[in-house]
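# Report on the structure
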Amino acid sequence: MSQSTRKVNVAVAGATGAVGGAMLDVLERRNFPLGELRLLASERSVGKKLKFKGEEIAVQLLSKDAFKGIDIALFSAGGDRSLEFAPAAAAAGAVVVDNSSAFRMDPEIPLVVPEVNPHAIAQYKKRGIIANPNCSTIQMLVALKPIHDKVGIKRIVVSTYQAVSGTGAKAIEELQQQVMDYAAGKPLTNKVYPHQIAFNCLPHIDSFLDNGYTKEEMKMVNETRKMFEDQTIGVTATTVRVPVVYGHSESVNIETKAKITAAEVRELLRNAPGVKLVDEPSKCIYPMAIDCAGKFETLVGRIREDESIANGINLWVVADNILKGAALNAVQIAEVLIREYI
């Protein structure tokens, strides 16, 4: 971020939540050129003070009148609040970057990962809103974009292993409580998830649809096609919740239009934006969820050719779902906005 960049006024809607807090952390770590920082949340959080760069900032009420003088509004307050308040923020002159699923598939609203389709940001002028994709889609496409640009991708088969933090604070508490109860020999109880999550894997994220897939799985299908601007790409997903606190992991198998070797993929990803190559399996070096927590990069490893088809590649992709999967991606969009558009 250039020090000469003009300062902009930013509002964070949902500032007291996990992603809202991460947005503040990212703004600070990236030395974002802030003028005013306005923290917004629901009535029960009004007056609460959050620390930013050593100062305490009081939380204000998220309302339709809260965006006067704001240049960029970062939303992570849930889909219903986004539908209610994001248009009001845009009408007040702010550009909204929304982290919920409310606007992702709206044809008039760009769905953006800066490493993947930054050109789409220009479409914000239609409605004043830019959508942040689903966390699991973001990290997959950061890894796949250089390959898609080079040889084209015909089909993607992805299985995800997603951390409980993607569900929220209560899910983290449930996992931790179940682990403690297990160690103490007590019976395990579950409220957040339909089954025990400790020492278990749940092949069930979000609600099931008529086609047998979950909403989370179809998000990955539809968002990939929208951002790659190609409705012909075959995508099938299985999304699984695992007993990990932070960091989503993904097994990704792709069929490319032209042949590419594992060595060529490694070379492409070694210098790809937002990617860190972690691929020395002979030394037991590969991406792991415990290594990605707090990191901005998407970690990629276990790169190998799929010997069952002519043009197949396997990858293992890991990223911090709260950072690159949400807060960091939103702030990166804001950085492009101030550099090129506002």
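Coordinates for the structure precede this section.
Quick notes on the rules
- Residues numbered from 1 in each chain as written.
- Predicted model: local features only at pLDDT ≥ 70, side-chain atom pairs only at ≥ 80, totals over all residues.
- Heavy atoms only, no water.
- Phe/Tyr/Trp six-rings, centres within 6.5 Å; stacked < 30°, edge-to-face > 60°.
- Helix = DSSP H or I, 4+ residues; strand = E, 2+ residues; numbered from the N terminus.
- Buried < 20%, exposed > 50% of the residue type's maximum accessible area, 1.4 Å probe, protein only.
- Arc of directions from axis to C-beta.
- Contact = heavy atoms within 4.5 Å.
- Salt bridge = Lys/Arg side-chain N within 4 Å of Asp/Glu carboxyl O.
- Axes fitted to C-alpha atoms, helices over the stretch in contact; angles between N-to-C directions.
- Parallel < 35°, antiparallel > 145°, perpendicular 65-115°, else oblique.
- Nonpolar A, V, L, I, M, F, W, Y, C, P; charged D, E, K, R; others polar.
- Pairing = 2+ DSSP bridges.
- Left-handed = near helix turned anticlockwise from the far one by under 90°.
- Core = buried A, V, L, I, M, F, W, Y, C linked by side-chain atoms within 4.5 Å.
- Polar contact = N/O pair within 3.5 Å; in protein donor to acceptor, adjacent residues only side chain to side chain.

Further remarks concern the packing of aromatic side chains. Taken as a whole, this structure holds four aromatic pairs when the rule is applied. Ring geometry for Y182 and F199: centres 4.5 Å apart, planes at 45°, overall tilted. With a gap of 17 residues between them, Y182 in helix 4 (residues 169-183) and F199 in the loop between helix 4 and helix 5 (215-228) connect regions that are remote in the sequence. Using a relative accessible area of 54% as the deciding quantity, one classes F199 as exposed.

A few words on helix 6 (residues 262-270). Working note: α-helix, 3.6 residues per turn, so residues spaced by three or four point in the same direction. Residues of helix 6 that are buried include every one of A262, V265 and L269, and no others. The buried residues of helix 6 occupy an angular sector of 55° when the element is viewed end-on, so they sit on one face. In the core, the buried residues of helix 6 are packed alongside helix 3 (135-151), strand 12 (275-277), strand 13 (298-305) and strand 14 (312-319).

Quick look at the pattern of salt bridges now. Within this structure, the stated rule accounts for 15 salt bridges. Here R38 and E36 are joined by a salt bridge, their closest N and O atoms 2.9 Å apart. Put simply, K324 and E115 hold a salt bridge, and the shortest N to O gap is 2.8 Å. Here K324, found in helix 8 (residues 323-340), pairs with E115, found in the loop between strand 7 (95-98) and strand 8 (129-131); they are 209 residues apart in sequence, far enough to count as distant.

Next up on the list: the packing of helix 3 against helix 8. The geometry of helix 3 relative to helix 8 is characterised by a closest axis approach of 8 Å and an angle of 85° between their N-to-C directions. Overall, the two elements helix 3 and helix 8 adopt an arrangement that is roughly perpendicular. Residue-level inspection shows C135, I138 and V142 of helix 3 in contact with helix 8, the latter providing K324, G325 and N329. Here the residues of the contact of helix 3 with helix 8 sort into three nonpolar, two polar and one charged.

The next point concerns unusual backbone geometry. Where the residue is not glycine, phi is negative for most of them; where a peptide bond is considered, it is trans in most cases. At E229, a residue that is not glycine, the phi angle is positive and equals roughly 55°. Inspection of the secondary structure assignment puts E229 in the loop between helix 5 and strand 10 (234-241). Judged by relative accessible area, which is 53%, E229 ranks as exposed. At R302, a position not held by glycine, the phi torsion is positive, near 50°. With respect to the secondary-structure elements, R302 resides in strand 13.

What follows covers the sheet that holds strand 11 (residues 248-256). Reading across from one edge, 10-9-11-14-13-12 is the order of the six strands in this open sheet, with mixed pairing throughout. Across the chains shown, the open sheet's two edge strands, defined by having one partner strand only, are strand 10 and strand 12. Taken pair by pair, the neighbouring strands of this sheet meet at an average axis angle of 25°, ignoring direction. In terms of strand pairing, strand 11 meets strand 14 through eight bridges, oriented antiparallel. Within the sheet, the bridge partner assigned to H248 lies in strand 14 and is A319. Sitting on the sheet, helix 6 is in contact with strand 12, strand 13 and strand 14, with an inclination near 165° to strand 13.

When two helices pack together, their arrangement is given by the angle between the helix axes and by the axis-to-axis distance. In the contact formed by helix 1 (residues 18-29) and helix 8, the axes pass within 9 Å of each other and the chain directions differ by 50°. In terms of orientation, helix 1 lies oblique with respect to helix 8. Crossing of helix 1 over helix 8 shows right-handed handedness. Packed against helix 1, whose contacting residues are V19, A22, M23, V26, L27 and R29, the element helix 8 presents L323, A326, A327, L328, A330 and V331 at the interface. Residues that form the contact of helix 1 with helix 8 fall into these classes: eleven nonpolar, no polar and one charged.

Counting 56 residues, the largest nonpolar core has L144, I156 and L315 as the members making the most contacts within it. With eight residues, the single largest contributor to this core is helix 3. Excluding its chain neighbours within four sequence positions, the residues that come into contact with I156 are M140, L144, T224, I233, G234, V235, T236, V252, N253 and I254. Counting 41 residues, the second-largest nonpolar core is a separate cluster that includes V95, F296, I322 and L328.

Within the fold, D206 resides in the loop between helix 4 and helix 5. According to the relative accessible area criterion, D206 is partly exposed, its value standing at 34%. A sequence separation of 129 residues divides D206 from A77, and the C-alpha atoms of the two residues are 18 Å apart. Once residues lying within four places of it in the same chain are set aside, the contact partners of D206 are T214, K215, E216 and K219. Of note is the side chain of D206, whose polar atom sits 3.5 Å from the side chain of S207.

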